[in-house]
Structures are given as C-alpha cells and as structure tokens.
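A look at the structure
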Amino acid sequence: MAIRFEDIKPKVGSRVVWDSRDDIFTPEAAQALRKQLEDRTVLVFPRLNLTDEEQLKITDLMGGKVKLTGQFNVQDTDENVYQVTLDKTINPQPEYVLGTYFYHMDGMPVDFPPPFATLLSARKVAPRGGQTDFANTCAAYAALSEEEKREIDGLRVIHSVKASMVPIQEAIPPEQYQKVIGIKGERDRPLVMVHAGGRKSMLLGTTADRIEGMPIPEGRALLTRLTEWSAQPEFSLRHDWQEGDFVIWENTSALHRAIPYDPDSGRMMHRTSLAGTESVAA
Ligand code: OGA
Ligand code: MN
C-alpha cells in the first residue's frame, strides 16, 4: 500500500496516513512526499516515533542531507542529526535556538542553496508552549494583486545570521556577545523564488536584513508587510506537538517559528535538513 494525504487547512498542510510503517521508507513514498511538499508546504506524520536512523533514511531517500550548523555550531553530536533544545547541558550556546521564536527560514545566509526542506521529530514536548507556527509564502504570494507581484518580482534581499539575532540581542550573555553578533557573512537571495515548474514563493524571515537598492527603512517595511501578509490565518498553521510527531516543511516556502517554552522543560526536537537543488544562490 502507498501513503495517503489529508488536508489540514485549505491552503496549507497535509496529514500523512499510512497502513504499514514500512510504506514510508520507500523511494516511491519519498517522491510522493517531495511532490506533496511542493503543493502543501507542511506535512505532519502523527506519532510516527522515528529513530535517528529512520529519520536519516527518509532524508536520504528524499534527496540527501545538508549540514547547516558548521558556521557557528556548538554541539559535537550534530554530525548527522541536530538536537534543537535549550537544555544547556546539551546546547551550551542556546542563542540560535532562541532565534527560532521569530519567523524565519532555515539556512538563508549559508554559502550554498538554502535547504529544500527541514525534517523535525518531537522527542520530548514542553508542557506549555513549544508549538510550531508555519506560514506558507507560496500561497501568500499567489494571493497578492498583480500590481503587488510586479512590484516585488526581481527584488533581491540581503540575509545574515546577525540580522536574525537582533530580536534577542540584549539577552545574549556579554561573554558570548561578540561570538554571536559578530558573525560575518551575508548572502543575497531573490525575494521571489521561482521554483521548477513555475510556482513562486517569497524568501523572508528574521535573517532578511534589507532589500538591495532600496533605502533601508523602506526595504524593511516591505519585508515586514510581506511577513505579516503571509502569517494571516488563511496561509498559516500551528502544529501542537505530541511526542513522536514528525513534521517536514518545504523550507523555501515556509516561514516558521517556535512558540516560546521553558528552557528547563526538556523540549527536544531532532532535526535534519534536505539539500536545496534550485540555484537561488546565484
Ligand atoms: C529549527 C526550528 C522550530 C521548533 O530547528 O530550525 O525552527 O519548533 N525549530 O523547534
Ligand atoms: Mn528553523
């Protein structure tokens, strides 16, 4: 039997349904998942309870993993699977995880194409907070007026890790400040990404610092308006995690953020990233 999908909301999200767990770990399923991600942006596998080996297998079947954390990371266990946690005994430098409280896309400032998808397994959930919000910038773009589309097609945005730390900068311990905020490196990306097949999404989020060739206040105001537009209930989805849930999102169409949770709650998510294949880096 094959896997099947059920809509979660009209414009975003599918729940994945299977008869046998084995149905998920096949090349055919991996292809179906990639296609569904393009159509629906967020895929939820309720209570799948993946092991790391199984998560890596799905990642490989879907196209191969990419490591995002080389630039700044901190965990020595993240060779294969990155542990998303605020637990200081595992993650001595939690700033980048605190940055997930604000709408962002993964890997926008890196030196290679941003990941096509992010895969996240809930190992331990927080008793309060810790849901993840997703906003579908593909559906949000499609709903803009033709005039608004014309105004933003062709614009380029400068992304940096530094910009994504601005919302939490006063919370960074002084001894870490230079290391965290001093991160160099900027990357320009198209504001409107044209995907294979012609669909378009907007690349936005806290890493988006300014628009090339536009006065900084005007550019930032536009980025904020487009983010607010995308976050409307029509285009967005909140996932309330149960232990064992597995979620995949099409990272170049999904703004996402965690709702704040207690750092001592033990919340633990295991993350892998799927390599991007489309050349938006140029
Ligand atoms: C991430 C991320 C969201 C969450 O790991 O990149 O944004 O809910 N996580 O933990
Ligand atoms: Mn993220």
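Keep in mind that what you see is a predicted model, and the values were worked out from it rather than measured.

The rules behind these values
Residues numbered from 1 in each chain as written. Chains lettered and ligands numbered in written order. Predicted model: local features only at pLDDT ≥ 70, side-chain atom pairs only at ≥ 80, totals over all residues. Heavy atoms only, no water. Core = buried A, V, L, I, M, F, W, Y, C linked by side-chain atoms within 4.5 Å. Buried < 20%, exposed > 50% of the residue type's maximum accessible area, 1.4 Å probe, protein only. Helix = DSSP H or I, 4+ residues; strand = E, 2+ residues; numbered from the N terminus. Contact = heavy atoms within 4.5 Å. Pairing = 2+ DSSP bridges. Near = heavy atom within 4 Å. Polar contact = N/O pair within 3.5 Å; in protein donor to acceptor, adjacent residues only side chain to side chain. Areas by Shrake-Rupley, 256 points an atom, 1.4 Å probe, with all protein chains shown as cover. Nonpolar A, V, L, I, M, F, W, Y, C, P; charged D, E, K, R; others polar. Axes fitted to C-alpha atoms, helices over the stretch in contact; angles between N-to-C directions. Expected span 1.5 Å × (residues − 1). Arc of directions from axis to C-beta. Donors = N, O, S within 2.8 Å, 3.2 Å for Na, K, Ca; no water.

1. Quick notes on the nonpolar core
Ranked by internal contacts, the top residues of the largest apolar core, which has 24 residues, are Ile152, Leu191, Met202, Leu204, Leu223 and Leu226. Looking at this core, the elements with two or more residues in it are helix H4 (137–142), strand S9 (192–194), strand S11 (208–211) and helix H8 (216–230). For leucine 191, the contacting residues outside a window of four places in its chain are Ile152, Leu155, Arg156, Val157, Ser201, Met202, Leu203, Leu204, Leu223 and Leu226.

2. Examining the pairing of strand S1 (residues 4–9)
Looking along a regular strand, one sees the side chains alternate between the two faces of the sheet. Sheet topology places S1 next to strand S2 (residues 12–17); 5 bridges connect them, and they run antiparallel. Counterpart to glutamate 6 in the pairing with S2 is arginine 15. Counting the residues that bridge the hairpin from S1 to S2 gives 2 residues.

3. Section: the site of ligand 1
Around ligand 1 lies a shell formed by Val84, Thr100, His104, Asp106, Thr132, His256, Ala258, Arg267 and Arg271. Within the contact set of ligand 1, an oxygen atom lies 3.1 Å away from a side-chain nitrogen or oxygen of aspartate 106. Calculation on ligand 1 without its partners gives an accessible area of 290 Å², and the protein chains cover 99% of this total. When grouped by side-chain class, the residues that make up the shell around ligand 1 number 2 nonpolar, 4 polar and 3 charged.

4. Remarks on the side chain of serine 160
For serine 160, the position within the fold is in strand S7 (residues 156–160). Every residue in contact with serine 160, bar those within four places of it in the chain, is listed here: Pro109, Gly185, Glu186, Thr207 and Asp209.

5. Here's the deal with the sheet that holds strand S4 (residues 82–84)
Strand pairing in a sheet relies on backbone hydrogen bonds. The paired strands run either parallel or antiparallel. Taken together, the 7 strands give an open sheet; going across it, the order is S1-S2-S3-S13-S5-S15-S4, and neighbouring strands pair in mixed fashion. In the strand order of this sheet, the two ends are held by S1 and S4, each with one partner. Sheet twist, expressed as the average angle between the axes of neighbouring strands with direction ignored, equals 25 degrees. Running at roughly 20 degrees to S1, helix H1 (residues 27–40) makes contact with S1, S2, strand S3 (42–45), strand S5 (117–124), strand S13 (246–250) and strand S15 (268–274) of the sheet. In this fold helix H2 (residues 52–61) packs onto S5, S13 and S15, with an angle of close to 25 degrees to the strand it touches most, S15.

6. Points about unusual backbone geometry
Of note in the backbone geometry, threonine 41 takes a positive phi value of approximately 70 degrees without being a glycine. Here threonine 41 is to be found in the loop between H1 and S3. For threonine 41, a relative accessible area of 2% gives the class buried.

7. A look at H8
Spanning 15 residues, H8 covers 21 Å between terminal C-alpha atoms, matching the ideal 21 Å at 1.5 Å per step. Where H8 is concerned, the buried positions are Gly219, Leu222, Leu223, Leu226, Thr227 and Ser230. For H8, the buried positions fall inside an angular range of 135 degrees around the axis, keeping them on one side. Across from the buried face of H8, at angles greater than 90 degrees, the exposed residues are Pro217 and Glu228.

8. Focus on the coordination of the manganese ion (ligand 2)
Think of it this way: four donors in a tetrahedron around the metal ideally sit 109.5 degrees apart, and six in an octahedron ideally sit 90 or 180 degrees apart. Around the manganese ion (ligand 2), the protein contributes the donor atoms His104 (NE2), Asp106 (OD) and His256 (NE2), at 2.1 to 2.2 Å from the metal centre. Counting the intervening residues between successive donors of the manganese ion (ligand 2) yields the motif H-x1-D-x149-H. Of this pair, aspartate 106 sits in the loop between helix H3 (95–98) and S5 while histidine 256 sits in strand S14 (residues 254–258), and the two are 150 residues apart along the sequence. You can call histidine 256 buried: its relative accessible area is 4%.

9. Focus on the side chain of asparagine 251
Looking at the element boundaries, asparagine 251 is found in the loop between S13 and S14. Relative accessible area serves as the criterion here: at 0%, asparagine 251 is assigned to the buried category. Separated by 3.1 Å, the side chain of asparagine 251 and the backbone oxygen of proline 115 make a polar contact. Those residues in contact with asparagine 251 that lie beyond four places of it in its chain are Met105, Asp106, Met108, Pro115, Phe116, Ala117, Thr118 and His256.

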